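The lines below spell out each chain.
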Amino acid sequence: MTDLSRLKVSLTKHGAHKAFHLLRDLSTSQVLASVWNKHDGIKIDLAQTRQNLSAFADGNLPGVWDRAKALSDDTLRQLVFLAIIFSHHTVIEAFQVGALGAGTGEITRGDVLDTKAFTNIKNDIVELGFSTQHNASAVAYNLSELLRNSALGELAGQLLSLKLQSAGWNTGGDVVDECVRLGFHQALAQGEDVFRLWLGGGQAIDMEPERAAPDPNVAVRKAFLFSAGHRPAKEGKSTRKIERENIEADLTHNMLQSKLYDFLAQKHGTENVGTEQPSGIGANSIDVVLRIDKETTFFELKTNPSLRTCIRDALPQLLEYAYWPADVRSTKLVIVAEAVPTQDAINYLQKLRSAFNIPVYYSRIDRSTGRLDDLI
């Protein structure tokens, strides 16, 4: 009976990804003897490397690593990454929990992996080239290149068989069936059919056409990642020339953003507040984000003197940031402006919350202090 809890490797030792450099540069027979400052200043834990690479009891590495080396550096790098994922049951779970589909996902510190383990796995993802966005609290990744490599699929099947045997699998039945039963395809954020095709040596994901141009009407979606901090922008008023026309750009927004950041940071701590946060939808960014534990509030600032106009402009932005196309990235949406709240606006927002369960609110900001009034 396969028991994934038997898959364990140190997650507090850093630098597991450096095994790729040893495998690339040295013969497989030299790798384990070179883990500690014997090649290019690399220092990684021997026991961790043995388990990640599924070394035999006699200290030799399985032939799957020589076969990967013979194919390409990319194949070798990809196989090392798979070895890291499937060497510890908690890491497997973290990728299963973080999966978003189509090879993409996001792992957040504290959800499955504690601080040290998360940092080390995040670094492995980044250093091996799979991160699309990362900060101290989360890492978003894209694993689609793995399933574009049909040769890797066959090698992955051999490697996963070794991992399963370490977890008590008696090799009865088909290795692909056992991987699917244990949700290994979910750890790679792929459907079962795609995963089966790949392990069988097929190219599970079609390569993009070489000259395919992006559709300008389709926003590129990435995972939302919170990052604390604020970089003040220019305030006041500026005159600039665009297409031979002089326009005056009112920079009140930047001033209010800085004031709001200072107010929230003083109240909740600088580590919990960030400005100009990438929304994950195209190049759009969220004005201010407050992250406390797992509660996330998006703030959208507007400067129009009409509250109705502010709401009309801010609401679709906040809805897209929070929910497009079918995600939930925020627990509360707050429109911020200097406009005095009206009874119509209060009634409207209350209706949105009660009838449609949209957690949207308005708060008036004091431009001198950045203080926010109570939410309405």
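Residues numbered from 1 in each chain as written. Predicted model: local features only at pLDDT ≥ 70, side-chain atom pairs only at ≥ 80, totals over all residues. Heavy atoms only, no water.

Some points on the overall build of the protein chain
Right, on to step 1. Broken down by element type, the protein chain carries 15 helices and 11 strands.
Right, on to step 2. When burial is assessed residue by residue, the protein chain has 47% of its 376 residues classed as buried.
Right, on to step 3. Long-range contacts, defined here as pairs at least 24 residues apart, represent 62% of the contacts in the protein chain between residues at least 6 apart.
Right, on to step 4. Taken as a whole, the protein chain presents about 19000 Å² of accessible surface, with 47% of it coming from carbon and sulfur. (Helix = DSSP H or I, 4+ residues; strand = E, 2+ residues; numbered from the N terminus. Buried < 20%, exposed > 50% of the residue type's maximum accessible area, 1.4 Å probe, protein only. Contact = heavy atoms within 4.5 Å. Areas by Shrake-Rupley, 256 points an atom, 1.4 Å probe, with all protein chains shown as cover.)

Observations concerning the confidence of the model for the protein chain
Right, on to step 1. Per-chain confidence: the protein chain averages 87 in pLDDT, with 88% of residues scoring 70 or above.
Right, on to step 2. Looking over the protein chain, one finds the lowest element-wise mean pLDDT in strand S6 (residues 245-250), namely 36, and the highest in strand S11 (residues 360-364), namely 98.
Right, on to step 3. The low-confidence segment residues 207-220, where pLDDT is below 50, has seven contacts with residues more than four positions distant or belonging to other chains.
Right, on to step 4. In the predicted structure, residues 239-250 sits below a pLDDT of 50 and forms 15 contacts with residues beyond four places in sequence or in another chain. (pLDDT = per-residue confidence, 0-100.)

What to know about the packing of helix H5 (residues 73-85) against helix H6 (residues 89-98)
Right, on to step 1. Look at H5 against H6: their axes get within 7 Å of each other, and the N-to-C directions meet at 105°. By the criterion of interaxial angle, the relationship of H5 to H6 is roughly perpendicular. Within the contact between the two elements, H5 uses Phe81, Ile84 and Ile85 and H6 uses Val91, Ile92 and Phe95.
Right, on to step 2. The residue makeup of the contact of H5 with H6, split by class, is six nonpolar, no polar and no charged. (Axes fitted to C-alpha atoms, helices over the stretch in contact; angles between N-to-C directions. Parallel < 35°, antiparallel > 145°, perpendicular 65-115°, else oblique. Nonpolar A, V, L, I, M, F, W, Y, C, P; charged D, E, K, R; others polar.)

Brief notes about the sheet that holds strand S2 (residues 104-108)
Strand-to-strand pairing in sheets goes through backbone hydrogen bonds, with the strands running parallel or antiparallel.
Right, on to step 1. Strand order across the open sheet formed by four strands is S1-S2-S4-S3, with antiparallel pairing between neighbours. Two strands lie at the open edges of the sheet, namely strand S1 (99-101) and strand S3 (131-134), each paired on one side alone. Between one strand axis and the next, the sheet turns by 15° as a mean value, whatever way the strands run.
Right, on to step 2. For S1 and S2, the ladder comprises two bridges, and the chain directions are antiparallel. Residue alanine 99 lies in a different strand from S2, and its bridge partner there is glycine 105.
Right, on to step 3. Docked against the sheet, helix H7 (residues 115-127) engages S2, S3 and strand S4 (138-142), running at close to 35° with respect to S4. (Pairing = 2+ DSSP bridges.)

Some details on the pattern of salt bridges
Right, on to step 1. With the rule as written, the count across this model stands at 10 salt bridges.
Right, on to step 2. The partner of aspartate 177 in a salt bridge is arginine 196, and the shortest N-O contact between them spans 2.7 Å. With aspartate 177 in helix H10 (residues 175-181) and arginine 196 in helix H12 (residues 192-199), the pair connects residues that are 19 residues apart, well separated along the chain.
Right, on to step 3. Given a relative accessible area of 38%, aspartate 177 falls into the partly exposed group.
Right, on to step 4. For arginine 196, a relative accessible area of 29% puts it in the partly exposed group.
Right, on to step 5. Glutamate 300 serves as the salt-bridge partner of lysine 302, at 3.6 Å between the closest nitrogen and oxygen. Here lysine 302 and glutamate 300 have matching classes, each one buried. (Salt bridge = Lys/Arg side-chain N within 4 Å of Asp/Glu carboxyl O.)

Notes on the sheet that holds strand S8 (residues 285-292)
Right, on to step 1. Pairing in this open sheet of five strands is mixed, and the strands run S7-S8-S9-S10-S11 from one edge to the other. Either end of the sheet is taken by a strand with one partner, and the two such strands are strand S7 (273-278) and S11. When strand polarity is set aside, the average angle formed by the axes of neighbouring strands in this sheet is 30°.
Right, on to step 2. Strand direction decides the pairing type here: S8 and strand S9 (residues 295-301), joined by five bridges, are antiparallel. Across the sheet, valine 289 pairs through a bridge with phenylalanine 298, a residue of S9.
Right, on to step 3. Here helix H14 (residues 307-323) sits on the sheet in contact with S8, S9, strand S10 (332-337) and S11, set at roughly 150° to S10.

Here's the deal with the layout of surface pockets
Right, on to step 1. Its boundaries defined by the atoms lining it, the second largest pocket holds a volume of some 320 Å³.
Right, on to step 2. If you trace the second largest pocket, you find 17 residues lining it, with Lys267, His268, Phe299, Leu372 and Leu375 closest to the centre.
Right, on to step 3. Within the residue set of the lining of the second largest pocket, elements represented by two or more residues are helix H13 (252-268), S9 and S10.
Right, on to step 4. Here the lining of the second largest pocket is built from residues that sort into seven nonpolar, four polar and six charged. (1 Å grid on protein atoms, 1.4 Å probe; cavity = no way out; pocket = protein on both sides within 12 Å on 5 of 7 lines; lining within 4 Å. Points joined across faces, edges and corners; volume = space filled by probe spheres on them.)

Focus: the environment of proline 278
Right, on to step 1. Note that proline 278 resides in strand S7.
Right, on to step 2. With relative accessibility at 37%, the residue proline 278 sits in the partly exposed group.
Right, on to step 3. Separated by 145 residues in the primary sequence, proline 278 and glutamine 133 place their C-alpha atoms 9.9 Å from one another.

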